[in-house]
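So the chains spell out like this:
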Amino acid sequence: MTAPKLAIRPMTAGEVPLALDWAAAEGWNPGLSDAIPFIAADPGGFLIGLIDDRPVAVISAIRYGAGFGFIGFYIVRPDLRGHGHGWAIWQQAMARLQGRLIGLDGVIAQQDSYRRSGFILAHRNIRHEGPGIVDTSGDAGLMPLADMPFDVVERYDRGHFAAPRPGFLAPWIAQPGSVALGAVEDGRLQGYGVLRPCRTGYKIGPLFADSSAIADRLFTALRGRVPADAAVFLDTPACNPGAMALAAGHGLTPMFETARMYTGAAPDIGIDRTYGITSFELG
């Protein structure tokens, strides 16, 4: 008897939370409201594979601008792994991003397979964890991003990502329960960070800054909004010594790592000014 074929199609907005639930089950700890900005980034960018209308596999293939794409949420239901369903939906995702530079953050177990698909290691990302510290005394000199013109924030973000992402960025910095702060010095934005509630604790990301001192101020202020009995997480590029020093200086503990990989030369994303990446799922 022939095994049922996987039917692959774009997810509806109402189905995207399933991908976040599966990611949570894998231990990736997505944000409570991530579905809103994720869908806004590219409404057709989430794919689902079904057999007899039952979800079997998911993946995201997000188009940014005219020439960049990012793969995430590559998950096959655990009881149906090893049957080629992952490869089938992977091929669909890659086809959707054909002709673009493609990036991803790969877990250790999958990095060899990504290399076989043409991905090249750019750098490692390390997830760090620590406790919250309720203290808002570090807010001096920082401004809520909501009080700034969005084009100022978007222009600064553009120097730290491979393509413009205004559709994603606007809802990302306005998520329910989030705190988004910017550091303004000499009349210009010199760094910003976003804290958002997650399935477990809170994540800070992105954390972009023109100097380690500004990054430290932003991190301290954002961590100060986290209850002492909750965890705070920061995903740092290991190739930025300042980012690693910030995590160590605040007593954060490394948890696990991913590999940022691209199908070509790594784009200039201001990695020396990146103290916390936005997300492992969408870049």
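Worth saying up front: this structure is predicted, and the values here are computed from it rather than measured.

Peer 1: Sorry, what's going on with the side chain of D157 here?
Peer 2: Mapped onto the secondary structure, D157 falls in helix α5 (residues 150-158). In this structure, D157 is in contact with R165, L169, Y192 and F208, ignoring residues within four places of it in sequence.

Peer 1: Help me understand the packing of aromatic side chains in this model?
Peer 2: According to the stated counting rule, one finds 18 aromatic pairs in the structure shown. With 6.2 Å between their ring centres and 25 degrees between their planes, Y64 and F68 make a pair best called stacked. This pair shows no difference in class: Y64 is buried, exactly as F68 is. Arranged with centres 4.9 Å apart and planes meeting at 75 degrees, the rings of Y64 and F161 form a pair that is edge-to-face. Here the residue Y64 occupies a position in strand β3 (residues 54-64), and F161 occupies one in the loop between α5 and α6 (166-172), the gap between them amounting to 97 residues. Site record: aromatic cluster; members linked through ring pairs are F38, F46, F73, F168 and W172. Note that R165 overlies the ring of F161, its terminal NZ or CZ placed 4.1 Å from the centroid.

Peer 1: Is there a simple way to explain unusual backbone geometry in this structure?
Peer 2: G205 connects to P206 through a cis peptide bond whose omega is 0 degrees. With respect to the helices and strands, the residue P206 is situated in strand β10 (residues 202-209). Here the phi dihedral of D52 falls at roughly 55 degrees; this positive angle occurs in a residue that is not glycine. Along the chain, D52 falls in the loop between β2 (46-51) and β3. Exposure remark for D52: the relative accessible area of 65% places this residue in the exposed category.

Peer 1: Would you explain the pattern of salt bridges in this entry?
Peer 2: Two side chains carrying opposite charge are able to pair once their charged atoms lie near each other. Inspection of every chain in the model, using the stated rule, returns 15 salt bridges. In this structure, R196 and D34 form a salt bridge, with 2.8 Å as the shortest nitrogen-oxygen distance. With R196 in strand β9 (residues 188-197) and D34 in the loop between α1 (16-25) and α2 (35-41), this residue pair connects regions lying 162 residues apart in the sequence. For D34, a relative accessible area of 0% translates into the label buried.

Peer 1: How should I be thinking about the side chain of D42 in this particular structure?
Peer 2: Mapped onto the secondary structure, D42 falls in the loop between α2 and β2. Note on D42: relative accessible area 10%, which makes it buried. Not counting residues up to four positions away in its chain, the partners in contact with D42 are A61, I62, R63 and R96.

What counts and what doesn't
- Within every chain, residues take consecutive numbers counted from 1 along the sequence as written.
- Where local features are concerned, this predicted model is filtered to residues with pLDDT of at least 70; where side-chain atom pairs are given and counted, the filter is 80 or more; whole-chain, interface and lining totals use all residues.
- Based on all heavy atoms of the structure, the side-chain values leave hydrogens and waters out of the count.
- A helix here means a DSSP run of H or I that spans at least four residues, while a strand means a run of E at least two residues long, and both kinds are numbered starting from the N terminus.
- Two residues qualify as a contact provided that any one of their heavy atoms is within 4.5 Å of a heavy atom in the partner residue.
- Stacked, edge-to-face and tilted labels apply to pairs of Phe, Tyr and Trp rings (six-membered ring for Trp) whose centres lie within 6.5 Å, assigned for plane angles under 30 degrees, over 60, and everything in between, in that order.
- Think of it in three bands: residues with accessible area under 20% of the maximum for their type are buried, residues over 50% are exposed, and the middle band is partly exposed, with areas taken using a 1.4 Å probe on protein chains only.
- Charge-over-ring placement is defined geometrically: NZ (Lys) or CZ (Arg) within 6 Å of the ring centre, and within 35 degrees of the ring normal.
- We count a salt bridge whenever a side-chain nitrogen from Lys or Arg sits within 4 Å of a carboxyl oxygen from Asp or Glu.

In short, the description is geometric, and any link to function would need to be established separately.
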